[in-house]
Amino acid sequence: DLRSRTLQFARLTFDGCLTEIFWTLCAGGCLVIVDEAELMPGERLQETLERHHITHLKTTPFALTATQPSNRMQLQHVINGGGACRQSSVKKWGSIATFHNAYGCTETTICNLLSDGLVEESCNDGVPLGCPVGNCQVQIDCDGPSSLASRGELVVIGDSVGIGYLSEGGLDTFQNASGQSVYFAGDLVEKRSNEIYFVERIDR
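Summary of the structure given here. Computed from a predicted model, the values in this text were never measured in an experiment.

The rules behind these values
Residues numbered from 1 in each chain as written. Predicted model: local features only at pLDDT ≥ 70, side-chain atom pairs only at ≥ 80, totals over all residues. Heavy atoms only, no water. Salt bridge = Lys/Arg side-chain N within 4 Å of Asp/Glu carboxyl O. Helix = DSSP H or I, 4+ residues; strand = E, 2+ residues; numbered from the N terminus. Buried < 20%, exposed > 50% of the residue type's maximum accessible area, 1.4 Å probe, protein only. Polar contact = N/O pair within 3.5 Å; in protein donor to acceptor, adjacent residues only side chain to side chain. Contact = heavy atoms within 4.5 Å.

1. Some thoughts on the pattern of salt bridges
Logical step 1: Under the criterion given, the structure shown has six salt bridges.
Logical step 2: When the shortest N-O distance is used, the salt bridge between Arg 151 and Glu 190 registers 3.0 Å. Here Glu 190 lies in strand β12 (residues 182–192) and Arg 151 lies in strand β9 (residues 151–157), a separation of 39 residues in the sequence.
Logical step 3: We classify Arg 151 as partly exposed; its relative accessible area is 32%.
Logical step 4: Of the residues examined, Glu 190 reaches a relative accessible area of 19% and is grouped as buried.
Logical step 5: Taken together, the shared-partner salt bridges in this structure form one network comprising Arg 151, Glu 190 and Arg 192.

2. Overview of the side chain of Asn 80
Logical step 1: Within the secondary structure, Asn 80 sits in strand β4 (residues 77–80).
Logical step 2: On the basis of relative accessibility, which here comes to 0%, the residue Asn 80 falls in the buried class.
Logical step 3: Among the polar contacts made by the side chain of Asn 80, one reaches the main-chain carbonyl oxygen of Gly 83 at a distance of 3.1 Å.
Logical step 4: In contact with Asn 80, not counting residues within four places along its chain, are Thr 59, Thr 60, Pro 61, Leu 64, Cys 85, Phe 99, His 100, Asn 101 and Ala 102.

3. Focus: the side chain of Glu 38
Logical step 1: Tracing the backbone shows Glu 38 in the loop between β2 (30–32) and α2 (43–51).
Logical step 2: Overall, the relative accessible area of 15% leaves Glu 38 in the buried class.

Structural data, given as structure tokens:
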């Protein structure tokens with residue numbers, strides 16, 4: 001649908017650009033590519049969203065914080081990606097569009113979890129990461145007592161996981177002892193009311 005217009009916000013050197021490209025073109029939408037200066041968070045990005053009639057935006061927590069929505073925008077869906085989502089972003093951008101939170105790792109197929117539309121009232125205790133996308137499974141690796149079984153490192157499993165890291169010593173594969181594709185994300189998460197929430201980074 002060419003009435004759907006996605007802004008190409010991520011640079012082509014960043015893996016996150018692939019979600020914007022493929023989600024848009026595979027659905028028959030219009031991918032809007034502008035000079036990098038027009039993507040500067042704040043007034044420039046605000047003007048770009050208005051002038052190009054952008055309907056779909058996937059961008060970073062900083063850009064969502066630094067840029068203000070306006071009634072001249074035609075946004076339908078806004079997606080937070082590339083970092084922990086602020087509750088203030090849900091409130092601000094959810095007032096003019098359907099707001100989503102996305103989570104993913106470079107070592108996988110970029111987007112592993114994606115939320116449905118979020119509203120401020122449901123994010124008082126944090127912003128959920130959403131449900132698995134595509135051929136991807138996630139689990140929480142817990143080393144603590146059973147009372148803390150809902151809190152631990154997020155693990156991505158399945159075909160969405162990459163092959164591994166290529167180093168001077170050879171290929172370090174993302175596999176467990178049984179040969180299953182597994183990637184430990186290095187993020188501490190917590191499961192509450194059947195929703196997964198980001199807590200903090202474990203691997204700094």
